[in-house]
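Listed below, chain by chain, are the residues.
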Amino acid sequence: MALTIQEVEHVALLARLKLDDDEKELFAAQLSSILDYANRLNELSTEDVEPLVHILPIYNVFREDEVQPGTPREEILSNAPLLEDNQYKVPKII
Amino acid sequence: MELYELTLHELQDKLQKKETSSEEITRSVFSRINQVEDKVKSFITVIDKETVLKKARESDESGKFTGVTGIPYGLKDLFCTRGVLTTCASNMLANYIPTHSSTAVSKLEEQKGIMVGKLNMDEFAMGSSTETSAFFPTRNPWDLDRMPGGSSGGSAAAVRADEVIFSLGSDTGGSIRQPASFCGVVGLKPTYGRVSRSGVVAFASSLDQVGVFSKDVEDCAIVLKTISGYDPLDSTSVNIEVPDYTTYLDGDIKGMKIGYPREYFEQGVTEDIKQAVFKALKKFEELGAIVEEVSLPHSEYALPAYYLIAPAEASTNMAKFDGVRFGYRNISADNVIDMFCNSRSDSFGDEVKRRIMLGTYALSSGYYDAYYLKALKVRRLIANDFDKVFKDFDIIISPTTPNTAFKIGQQDDPLALYMNDILTVPVNMAGLPGMSIPCGFSNGLPIGMQLIGKPFAEGSILKAAYAFEQNTDYHKVKPDLGVK
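All values derive from a computational prediction rather than experimental measurement. (Residues numbered from 1 in each chain as written. Chains lettered and ligands numbered in written order. Predicted model: local features only at pLDDT ≥ 70, side-chain atom pairs only at ≥ 80, totals over all residues. Heavy atoms only, no water.)

Undergrad: So what's going on with the overall build of chain B? Which residues, and what values?
TA: In terms of regular secondary structure, chain B is built from 15 helices and 11 strands. Relative to its length of 484 residues, chain B is compact, with a C-alpha radius of gyration of 21 Å against a globular reference of 23 Å. Considering only C-alpha atoms, chain B reaches an extent of 65 × 55 × 45 Å along its principal axes. Across the 484 residues in chain B, those meeting the buried criterion constitute 68%. (Helix = DSSP H or I, 4+ residues; strand = E, 2+ residues; numbered from the N terminus. Rg over C-alpha atoms; globule rule 2.2 N^0.38 Å. Buried < 20%, exposed > 50% of the residue type's maximum accessible area, 1.4 Å probe, protein only.)

Undergrad: Give me the lowdown on the environment of E9 of chain A, citing residues and values where you can.
TA: Residues and elements named next belong to chain A. You can see E9 is positioned in helix α1 (residues 5-14). Its relative accessible area of 35% is what places E9 among the partly exposed residues. Between the C-alpha atoms of E9 and L41, which are 32 residues apart in sequence, the distance is 26 Å.

Undergrad: Would you mind going over a nonpolar patch on the surface in detail, with residue names and values included?
TA: Taken together, I76, L83 and Y88 of chain A make up a surface patch of nonpolar side chains, about 230 Å² in accessible area. In this fold, I76 of chain A is placed in helix α3 (residues 73-77). (Patch = residues over 30% accessible without salt bridge, like charges linked within 9 Å, V, L, I, M, F, W, Y side chains within 5 Å. Areas by Shrake-Rupley, 256 points an atom, 1.4 Å probe, with all protein chains shown as cover. Salt bridge = Lys/Arg side-chain N within 4 Å of Asp/Glu carboxyl O.)

Undergrad: How would you summarise the packing of aromatic side chains if you had to cite specific residues and measurements?
TA: Residue and element names in this part refer to chain B. For the coordinates displayed, the defined rule picks out 19 aromatic pairs over all chains. An aromatic cluster is defined as three or more aromatic residues linked by ring pairs; in this entry it consists of Y96, F124, F321, F326 and F348. Sitting over the ring of F393, K257 keeps its end group 4.9 Å from the ring centre. (Phe/Tyr/Trp six-rings, centres within 6.5 Å; stacked < 30°, edge-to-face > 60°. Lys NZ or Arg CZ within 6 Å of the ring centre and 35° of its normal.)

Undergrad: Explain the packing of helix α9 (residues 302-317) of chain B against helix α12 (residues 369-390) of chain B residue by residue, including any values.
TA: Residues and elements named next belong to chain B. For the pair α9 and α12, the least separation of the axes is 9 Å and the interaxial angle reads 125°. Viewed along their axes, α9 and α12 adopt a mutual orientation that is oblique. At the point where α9 passes α12, the crossing takes the left-handed sense. Of the residues in α12, those touching α9 at A302, A305, L308, I309, A312 and E313 are Y371, Y372, A375, L376, V378, R379 and I382. Looking at side-chain class alone, the contact of α9 with α12 contains 11 nonpolar, no polar and two charged residues. (Axes fitted to C-alpha atoms, helices over the stretch in contact; angles between N-to-C directions. Parallel < 35°, antiparallel > 145°, perpendicular 65-115°, else oblique. Left-handed = near helix turned anticlockwise from the far one by under 90°. Contact = heavy atoms within 4.5 Å. Nonpolar A, V, L, I, M, F, W, Y, C, P; charged D, E, K, R; others polar.)

Written as C-alpha cells, this is what we have:
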C-alpha cells in the first residue's frame, strides 16, 4: 500500500511534527515500504489469539498515598527553555 | 599489562589485596581514553578527571571493596545522571541536566563504582549502528571504518577499546546484544522486569530493558547482581530475589539441554557465522551438554510485528518532548501547536521522526486493529513458541546477528538496516533474558553467539556462557588500535 502526501501530512500533525516537502515525499515512500513489510503479518491467522499487551503476569501496582520528599521546584524549572515568574512560559493558548 | 586492560574481577581482586587503588585504576583508564578516544569516539561526555579521581580516592578511603567498588565504568547517554548532561544523542536534549539519577546508576553509586562518562548511542536508542547520533558516529575498535552496532554502540566500543572496565546499555530489540556481537564483548539483556528502568529515557516501554557490557562473563555476573532487583519507582520491575550470579559460574554444564532453532540459521545468516556457531555448539556437546535442533516457527514474523509495536510505543513516549518543561524550544512560533511542531522538527533526526510517524500511523483511528492489535496478537504467538521449546530445553543458542559489522554510511534504506535485528527482536517480544558472547571471527571482525534463557533464568545462560569462555580464547583477543 502507498501512503499519500495528504496522509503523511495528517499523521505529521497528529505527531506534532512539521515536515518540509522533501521529507513528506521521503516518508511517504519509506513508510509505505515498511507498512508493506508489516502486512506480512496478515499471512497469519490470529482470530482466536489473545493480544499480548504485557509480558509479565502483573496487573495493577498500588502504593500507599503518602507524602514523599520531592525534587525542589527550582531544580525542576532549571531545565525549562523559557520561564517567567517561576512558571513555564508558552505562547497564548486561549 | 596496564591496569585498564584488566577485567573487573581481576581489578577487584587486586583492590582487595591492596595491590592497587581505585585512583591508580582510574588514572590508567583516563590515560587510555586520551590514547584512543580520538579514534573510537565512544563518549558524548567524559567527566572532568579531577572530579572522578576525587570519587576514586573516596572509594579507596572506604577500604571496603565489593562488586563494582572503585571500578571505572561508562553509561549509555540515556541513563539519567543527577547533575551530569544526559543527551540521548539528540539535539532535543543537548542541554538537559537531570535532577535525579536512574535507579541502576544509583545502585552502582551505592557500591562506589566510578562513573567516567556518558557514551554515544543512536538518537533516543532508535537505530542499529550508532550512526543516528545527532553528534557523531562511533567507530568499531576492530575496524575504524566500520560502525560498532547500536543502539548502545558507544557502550560496546568503549569496553572493547579498554576505555572503561564495563558499561551499561539498554536493549529494546537487540541494542545490547547486537553491538556486543559487532565489537566482540559480552552483552547481556536481562529478563523484562529484572532491572529497574526508572530514570532511563524510554523508547518502547513493553520491550526496553537495562543491561550490561563487559569484558568477560564473570564481570557480567557481578554487574548484573549489582543493578538487579525490585524498585518501587518502576512498576514493571519484579520482586523476585536476586541470586548471586557468580555462583552459577562453575563450568559444569553436563546434561544441560541446549536447543538451536533452525529458523535462526536461515534469514540471511552468513556462512562464516553459521560455521562459528555450529563449532560452538560442538564445544558445548564436548562439555557434556545435550544439543538438539528445535523450531520457533513464527520467528520470521517477529521483526514486522516489532516494527509496529516499538514505533507505536515510541510515538507515545516521545510526546513528552514538547519544548515546554525541558529540552529544545523553537521560540519563533506564536501559537502552541506550531511551537510543538517546530521544536520537535528542528531537534529530532530522521530516524526518530520516521519512527514517530510510523507509530502514530499504526495507532491512528482506522488502523489500530489492522496494525497495532494484529502485531500484539502475533507477539503472543512468538512468546508461545519460546514457551513450548523451554518445556524441554534449558537454553536456546543462535547467532546474535546475521552478519558482522557494516561500514559506516553503507546503509541508507531503513528497512535493510532493520533486518539487522532479526535474530534479537524475538527475545524482547517474549521478555526473555538474552546475551551475546564472542565465538569467532570473520575477516578480522568478531562474531557473536546469542544465548537465550527462561524468564529470570539469567543464571543458566551465564553458566553456559562461562563454560564456553573457560574453554575458548575468543574473549581474550583484542583489537590493535595502534597504541601501546
